[in-house]
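Residue strings, one per chain:
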Amino acid sequence: MMTKPKKFTKIYDDLRTQIVNEKLEYGAQLPSEHDLVTMYHASRETVRRALNLLVSEGMIQKIRGKGSIVIYQGVKEFPFSKLTSFKEVQQNLGITLETEVKLLETVRAQEVPAVQEALDLTNNAVLWHLVRYRKMDGRVKIIDEDYLVEAVVPGLTETIVKNSLYEYIEQQLKQEISYSSKAITFEAFGEAEYEAFGQVNPPYTATVRGVVHLKDTTKFQYNIAKHIATEFRFVDFSRR
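All values reported here derive from a predicted model rather than from experimental measurement. (Residues numbered from 1 in each chain as written. Predicted model: local features only at pLDDT ≥ 70, side-chain atom pairs only at ≥ 80, totals over all residues. Heavy atoms only, no water.)

A. Main features of the sheet that holds strand β3 (residues 98–108). Spatially, β3-β4-β5-β8-β7-β6 is the arrangement adopted by the six strands of the open sheet, whose pairing is antiparallel. Only two strands of the sheet have a single neighbouring strand rather than two, namely β3 and β6 (177–188). Averaged over all neighbouring strand pairs, the angle between strand axes comes to 15 degrees, with direction disregarded. Here β6 pairs with strand β7 (residues 204–214) via eleven bridges, running antiparallel. Of the residues in β7, the one forming a bridge with S181 is V211. (Pairing = 2+ DSSP bridges. Helix = DSSP H or I, 4+ residues; strand = E, 2+ residues; numbered from the N terminus. Axes fitted to C-alpha atoms, helices over the stretch in contact; angles between N-to-C directions.)

B. Summary view of the packing of helix α2 (residues 33–40) against helix α3 (residues 44–56). Here α2 crosses α3 at 110 degrees, and the two axes come no closer than 9 Å. Between α2 and α3, the interaxial angle falls into the category roughly perpendicular. Residues E33, H34, L36 and V37 of α2 touch α3, and the partners they reach there are R44, V47, R48 and L51. Class assignment for the residues of the contact of α2 with α3 results in four nonpolar, one polar and three charged. (Parallel < 35°, antiparallel > 145°, perpendicular 65-115°, else oblique. Contact = heavy atoms within 4.5 Å. Nonpolar A, V, L, I, M, F, W, Y, C, P; charged D, E, K, R; others polar.)

C. A look at unusual backbone geometry. In this chain, N201 is followed by P202 through a cis amide linkage whose omega measures 0 degrees. Mapping P202 onto the fold places it in the loop between α8 (191–197) and β7. For D120, which is not glycine, the phi dihedral falls at a positive 55 degrees. The backbone phi angle of D137 is positive, close to 55 degrees, even though this residue is not glycine. Residue D137 is classed as exposed on the basis of its relative accessible area, which comes to 78%. (Buried < 20%, exposed > 50% of the residue type's maximum accessible area, 1.4 Å probe, protein only.)

D. Spotlight on the pairing of strand β5 (residues 139–149). Counting buried positions along β5 yields ten of eleven residues, so the element is predominantly enclosed. In the sheet, strand β4 (residues 126–136) pairs with β5 via ten bridges, with the strands oriented antiparallel. Looking at the pairing, K135 lines up with V140 of β5. As defined by bridge partners, β5 adjoins strand β8 (residues 219–228) across seven bridges and the pair is classed as antiparallel. Residue I143 lies in a different strand from β8, and its bridge partner there is K226.

Okay, structure coming up:
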């Protein structure tokens with residue numbers, strides 16, 4: 001069964017969305033802990049957990065005598081360090097994006113040796129192979145190519161992969177997606193990139209390859225996300 005989200009995560013999600021969407025702008029002061037307790041009908045400890053999570057992500061800073069101040073100055077960007085579905089990106093950033101499904105087929109693992117090795121599969125293991133264009137204002141921003149173990153993720157359709165793959169896996173298949181490992185390389189355009197992105201200078205992609213695991217450590221997805229290099233930003237926030 002899917003567990004009900006903790007109250008502090010709901011408060012965190014709401015405040016984070018307001019910050020990212022600039023309803024709470026850089027330098028703005030959040031309501032006091034007392035006011036947040038009243039607003040969300042929550043305990044002070046619950047509110048503090050939500051605020052501490054925002055602090056750890058570099059969204060706010062607690063200042064003695066002033067309360068919590070917004071310090072986030074980010075731009076609307078696609079997350080790299082988090083394991084987030086494209087549908088969640090839209091919801092979190094408050095932007096309208098479009099998914100175009102270019103390919104949905106099944107292949108044997110032996111046909112894609114690099115993927116077979118990364119997912120530790122036998123030769124005859126069946127994989128879903130899908131390619132999706134992620135668009136903003138009619139322009140392709142990302143080429144998403146995925147290989148998924150069919151035994152773990154059965155029954156895929158174009159409707160499912162256009163809507164939300166992770167939502168289907170978690171809500172319909174009741175599988176818990178846990179973590180991923182990712183690596184970035186910068187690669188010259190090939191025919192597929194010119195077709196999707198058009199003439200771009202310089203013609204390079206920031207390509208993020210990742211292996212995604214379930215909670216029981218099962219490897220089930222190999223993802224290749226290609227971004228236009230000049231539009232790709234990796235932002236991390238560190239605290240001592």
